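Close look at the chain arrangement
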Amino acid sequence: DSGTFLGLGTVTGSVAIHIAFSLQRLYYVKEAHGIVVTDVAFVPESRPGRELLGGHEAALLSVAVDSRCKLHLLPSRRSLPVWLLLLLCAGLIVATILLLQLAFPGFL
């Protein structure tokens with residue numbers, strides 16, 4: 001719906017979810033269906049769709065020739081806040097300078 005993810009169903013019955021702009025695979029189920037996946041569709045980002053998602057980032061429905069429909073939920077990815085990343089980088093720089101000062105007393 002939003003163009004963030006790409007859903008894929010294969011001839012062998014496998015289902016995958018990729019990031020659309022980088023094609024990095026986030027989710028993969030080998031042989032989720034017994035035979036060819038004929039259709040995949042993401043759950044819309046409407047109010048009922050968000051209720052179905054719960055705490056997950058995306059949901060993909062897959063349908064196969066075996067007349068089964070399966071729901072695949074993509075768990076939310078965890079990430080570090082930018083401020084924490086900057087703080088860690090600053091700490092690493094300070095620690096490097098202190099170690100260089102200890103190793104080479106006339107460094108600074």
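Cut-offs used in this document
Residues numbered from 1 in each chain as written. Predicted model: local features only at pLDDT ≥ 70, side-chain atom pairs only at ≥ 80, totals over all residues. Heavy atoms only, no water. UniProt positions renumbered as here; feature names shortened; annotations may be inferred. Pairing = 2+ DSSP bridges. Helix = DSSP H or I, 4+ residues; strand = E, 2+ residues; numbered from the N terminus. Axes fitted to C-alpha atoms, helices over the stretch in contact; angles between N-to-C directions.

- Per an unreviewed UniProt entry, the recorded name for the protein chain is PREB protein, and the organism is Quiscalus mexicanus.
- Recorded in UniProt for the protein chain, the comment headed Subcellular location (unreviewed entry) runs: "Endoplasmic reticulum membrane".

**As for the sheet that holds strand E3 (residues 25-29)**
- Taking strand neighbours across the sheet as the criterion, the three strands line up as E1-E2-E3 in an open arrangement whose pairing is antiparallel. Edge strands, defined here as strands with exactly one partner in the open sheet, are strand E1 (5-9) and E3. Adjacent strand axes in the sheet meet at a mean angle of 10° when their direction is disregarded.
- Note that E1 and strand E2 (residues 15-19) share five bridges and pair antiparallel. Following the sheet pairing, Phe5 is matched in E2 by Ile19.

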